[in-house]
Each structure stands twice: as structure tokens, then as C-alpha cells.
Amino acid sequence: MFDRDKWNEILEALTANTFRTILTAFGVFWGIFILVILLAAGNGLENGVKKGFDGIATNTMFMWSQTTSKPFKGLPATRQFDFKNVDVTALKENFPDLLYVSPRNQLGGYEGANNVVRGTKTAAYTIYGDYPELIKQESMDIIKGRFVNQQDIVLKRKVAVIGQGVISEMYEKAEEVIGTYIKINGVNFMVVGVYNSKSRNNGDAESAQKNIFMPFTTFQQAFNYGDTVGWMALTANDNASITELKPKILDFMKSRHSIHPQDDRAIGNFDLFQEFSKIQGLFLILRFIAYFVGTLVLLSGVIGISNIMLIVVKERTKEIGIRRALGATPGAIRSQILSEAIFLTIIAGMFGIALATGLLAVLNMVLDSMPSEGMMFANPSVDLTVVFIALFILIGSGLLAGLIPAQTAINVKPVDALRTE
């Protein structure tokens, strides 16, 4: 390894025909470059998509009541029913693996009528009645004041948390918001907090800033909802899967509301964890494709090096014969050819890694200078593990590329080699 004469021989052999060496090395350079870029692009896409889930408890499902589709226990099909406050308590008591059970009610929505008044200004917003734990399930930050707390729930305080979109439409510029009042469906509420949505989708981000949150109990009392629950957000503990709990939860709720066990339309649900898992599975497939394509391109480069090394061995047949005649062992000849192949492969590969890394650094600087809203591509990069994997692939590729030429070289008989012109 540290034989100076050996390394001089390697360099002389590789520089004897510089242009051919460069063309040969380009295949490996391009293969490892493509491999790193593909892996980084996959990571960038994955990072961008996962940023869209920032602040959201992904181990969550949403559940709401619909219309029954089958008769059961003397009750007709197409029956309307609602969840109740006692259902929330029952879920907490019977499913200890549930971290949060958040009942929710809603007023307004898409193209709803004007429901908020402040002074001479009126507007239509989505109004939510929620519990304090919702902030641990939704992607939002409180930038001023506070969110709904437990005392608000117990005392049924008429307080509200508003988004920046509400402020821009209902308040003057630089006007103090905390402590002011807004009228929702004829009922006055004091603003106690301002939130900022973390949503990255352009359309959703704009609408998400125009919501108003208030205590769930206040919502029920102020808008005559009684003990009705519109829908629920259920989050499981980290050591449990909401997807696995979902069938049991749905069966439990069906039994409480006298719904046929086979009636799958009566209770609507959306499993966020299941969708998130599908996305993760997609990125595993993309990572496999990146490795597969990159390895194939790299293999084509290795085959190119192997072919060129066979030509080099053919050209150096007389030299190999002289060395064998002077006492060089087959192991020494094999070592020389393998060293040349491995050296060329590693140098070409390291150049490929270096160029790919530099390109990714420039790309990251460009992305950092762009607004992140709506961006589904972030921080394309590869970790150190991938670099080490690439290094081992290069060493293995070099051994593979030099194996056949080395074996060809040691099969040369000294007498026959010396006769070669």
C-alpha cells in the first residue's frame, strides 16, 4: 500500500494514455454523481412533503356522524344521529391508548354567510369550538396572547383566538388586537390570542389564517348546540397506532348509537396516520429506485473500466512477461492490476461525489433565498452514511473492474509474453 515505486507505476500506467483514462473514469464519475443526485432529490421531496405536516399530530384520525344506511334494532335506515359529550368521556375511559380526544364544532365554512362583525366591518369566517389540546394536534403557533385554556372550558368564557387573516380584514394597521371584542352571530367575544398557521400549501395557508377558535363549551352554549359534538380529532399515544385502534373505536361508537355493525357509511372518518404511512412508503420506493438506477449507471462505468483494463493488460503483455521472468509472483501481478483499477474507480467516484455535493450546496442556497410557502421541495441532501456506502460501492466496483483483467494478466506465460511484439 505504501510502496512508492508501486504508486509510481500506477500513475505511469494511467497517464500513458490520458484521454483514454479520462473517458474510462467518466463512466464511474457519472454513475456515482447520478446516484448522489437522485438520493438527494428524493430526500428533498420527502423533506418538503413532511414539512407540510409540521406541528400536526400525524398519529391522528378524524371522525364524524353521517346517515345510517342499514336498519338496526327496529330503527330505520337513513337515520340521522349526532355524537354527544358523553361519547367523548366514554372514548377516554375505554381507550387508554388515546392521547387526545378532542371534540369539535364548527360554524361557517366555504362560501358561508357573513357571521363576524366588528364596528362597521363584516366578514365570513370559519368558527371552531375546541378544547385546549387541539393546539397539539393542529399546525399553528400562538404569536400573541394565548390559546383556549381549561378555565375557559370550565367557566364557558366568551373568548376567541383569531388568525392573522382576520386581523388584516377586521382591524386597522398596527391596531392592538388583544382585549378587543368581535361579534360572532350576535354574541360578543373578547380576543385573547392570535395564531399563525404553519400550513405550506398556498390555498390552504391563506384560508387557515382566517379561522376563529373559542372554547368548546362556550360554542355549545352560545349557539344552542346543546351537548352535540360535530366531529372529533383522536390522537393515539406514540406506542400505539391509530390505524390499529380505528376498527375498535368505530365498533364502539356504532354500539353506543345503535348502528348496524356492518354499516360502514354511518360514521365518516379520515385516518391521517394511514395517509402519512402511504407517503412514507412512496419515499421508500423512490429511494430504492434511486439506488437501483444509480447502481446500474455505475455498473456501466465499471464495465467500461474492466474493458479498458483488459486492453491495457493486452498492451502490457511483454512487460508482464519480463516481470514474471525476473521473479514477480502471480500475486504481485494481480495486486498491480487491481490497484490500478481500484485507484481509477475511487478517484473518479470521489470527483463525482464532490461535484454532486457542490451542486447540492448551490441548490440549497437558492432554495433558502426563495419563499418556503407552498414549496414541496426542501433541503436536498444526503447524509454521511450514504457517502460511506458510496465509498464501499466504489471499492467493490474497483475490485470487480480489475478482477478479470488481473486474472488474465497472471495467466500470461513468461515465454509467450516475451515473444509478443
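Up top is the structure these notes are about.
Residues numbered from 1 in each chain as written. Predicted model: local features only at pLDDT ≥ 70, side-chain atom pairs only at ≥ 80, totals over all residues. Heavy atoms only, no water.

### Remarks on the nonpolar core
Now for step 1: Ranked by size, the top nonpolar core spans 41 residues in total, and within it Met-63, Leu-91, Met-232, Leu-234, Ile-249, Met-253 and Ile-267 carry the most contacts.
Now for step 2: Where this core is concerned, the elements lending two or more residues are strand 1 (60-65), helix 3 (85-94), strand 3 (98-107), strand 8 (159-163), strand 10 (187-197), strand 13 (231-236) and helix 8 (242-256).
Now for step 3: Among the elements that make up this core, the one with the highest residue count is helix 8 (six residues).
Now for step 4: Among all residues touching Ile-249, those that are not within four sequence positions of it are Met-61, Met-63, Leu-91, Phe-95, Leu-98, Leu-234 and Ile-242.
Now for step 5: Ala-25, Leu-35, Leu-39 and Ala-341 belong to the second largest nonpolar core, which has 26 residues in total. (Core = buried A, V, L, I, M, F, W, Y, C linked by side-chain atoms within 4.5 Å. Buried < 20%, exposed > 50% of the residue type's maximum accessible area, 1.4 Å probe, protein only. Helix = DSSP H or I, 4+ residues; strand = E, 2+ residues; numbered from the N terminus. Contact = heavy atoms within 4.5 Å.)

### Focus on helix 3
Now for step 1: Along helix 3, the positions that sit buried rather than exposed are Asp-87, Val-88, Ala-90 and Leu-91. Down the axis of helix 3, the sector holding all buried residues measures 165 degrees, keeping them to one side. Exposed positions of helix 3 whose direction lies more than 90 degrees from the buried face are Val-86 and Glu-93. (Arc of directions from axis to C-beta.)

### A few points about the side chain of Asn-105
Now for step 1: Note on placement: Asn-105 falls in strand 3.
Now for step 2: One polar contact links the side chain of Asn-105 to the main-chain carbonyl oxygen of Thr-228, over a distance of 3.0 Å.
Now for step 3: Polar contacts involving the side chain of Asn-105 include one to the main-chain amide nitrogen of Gly-230, which spans 2.6 Å.
Now for step 4: Setting aside its immediate chain neighbours within four residues, Asn-105 contacts Ile-127, Tyr-128, Gly-129, Phe-216, Phe-219, Gln-220, Tyr-225, Thr-228, Val-229 and Gly-230. (Polar contact = N/O pair within 3.5 Å; in protein donor to acceptor, adjacent residues only side chain to side chain.)

### Description of the environment of Ser-241
Now for step 1: By the element assignment, Ser-241 lies in the loop between strand 13 and helix 8.
Now for step 2: Residue classification places Ser-241 among the buried positions, given a relative accessible area of 14%.
Now for step 3: Spatially, the C-alpha atom of Ser-241 lies 8.7 Å from that of Thr-60, the residues being 181 residues apart in sequence.
Now for step 4: Ignoring sequence-local partners within four residues, the contact set of Ser-241 consists of Asn-59, Ala-236 and Phe-273.
Now for step 5: Polar contacts involving the side chain of Ser-241 include one to the main-chain amide nitrogen of Thr-243, which spans 3.2 Å.

### Digging into the packing of aromatic side chains
Now for step 1: In this structure the tally under the stated criterion is 15 aromatic pairs.
Now for step 2: Between the aromatic rings of Phe-26 and Trp-30, the centroid separation amounts to 6.0 Å while the plane-to-plane angle is 15 degrees, which identifies the pairing as stacked. With a gap of four residues between them, Phe-26 and Trp-30 both fall in helix 2 (residues 18-51), about one helical turn apart.
Now for step 3: When the centroid spacing of 6.1 Å and the interplanar angle of 20 degrees are considered together, the rings of Phe-288 and Phe-292 count as stacked. Of this pair, Phe-288 and Phe-292 both sit in helix 9 (residues 272-315), separated by four residues, roughly a single helical turn.
Now for step 4: Taken together through their ring pairs, the aromatic side chains of Phe-26, Phe-29, Trp-30 and Phe-33 make up a single cluster.
Now for step 5: Seen from the ring of Tyr-131, Lys-92 lies directly overhead, with NZ or CZ sitting 5.8 Å from the centre. (Phe/Tyr/Trp six-rings, centres within 6.5 Å; stacked < 30°, edge-to-face > 60°. Lys NZ or Arg CZ within 6 Å of the ring centre and 35° of its normal.)

### Regarding the packing of helix 3 against helix 8
Now for step 1: Running from amino to carboxyl end, helix 3 crosses helix 8 at an angle of 135 degrees, the nearest separation of the two axes being 11 Å. Comparing the axis directions of helix 3 and helix 8 gives the class oblique. At the point where helix 3 passes helix 8, the crossing takes the right-handed sense. Mapping the contact onto sequence places Val-86, Asp-87, Ala-90, Leu-91 and Asn-94 in helix 3 and Ile-249, Phe-252, Met-253 and Arg-256 in helix 8.
Now for step 2: A breakdown of the residues in the contact of helix 3 with helix 8 according to their chemical character gives six nonpolar, one polar and two charged. (Axes fitted to C-alpha atoms, helices over the stretch in contact; angles between N-to-C directions. Parallel < 35°, antiparallel > 145°, perpendicular 65-115°, else oblique. Left-handed = near helix turned anticlockwise from the far one by under 90°. Nonpolar A, V, L, I, M, F, W, Y, C, P; charged D, E, K, R; others polar.)

### Regarding the environment of Met-253
Now for step 1: You can see Met-253 is positioned in helix 8.
Now for step 2: A relative accessible area of 0% means that Met-253 is categorised as buried.
Now for step 3: Separated by 162 residues in the primary sequence, Met-253 and Leu-91 place their C-alpha atoms 8.6 Å from one another.
Now for step 4: What Met-253 contacts, discounting residues up to four positions off in sequence, is Met-63, Phe-83, Asp-87, Leu-91, Met-232 and Ile-267.

### Topic: the side chain of Thr-68
Now for step 1: Note on placement: Thr-68 falls in the loop between strand 1 and strand 2 (83-84).
Now for step 2: The class of Thr-68 is buried, set by a relative accessible area of 3%.
Now for step 3: At 2.8 Å, the side chain of Thr-68 and the backbone nitrogen of Arg-79 are in polar contact.
Now for step 4: If near-sequence neighbours (up to four positions away) are discounted, Thr-68 is found in contact with Pro-76, Ala-77, Thr-78, Arg-79, Phe-81, Ile-259, Asp-263 and Ala-266.

### Describing the pattern of salt bridges
Now for step 1: Considering all chains together, one arrives at twelve salt bridges under this definition.
Now for step 2: Between Lys-278 and Glu-275 there is a salt bridge, with the nearest N and O atoms lying 3.6 Å from each other. Highlighted residues: Lys-278 and Glu-275, both in helix 9, separated by three residues, approximately one helical turn.
Now for step 3: Classification of Lys-278 by relative accessible area gives exposed; the value is 52%.
Now for step 4: Owing to a relative accessible area of 30%, Glu-275 belongs among the partly exposed residues under this scheme. (Salt bridge = Lys/Arg side-chain N within 4 Å of Asp/Glu carboxyl O.)

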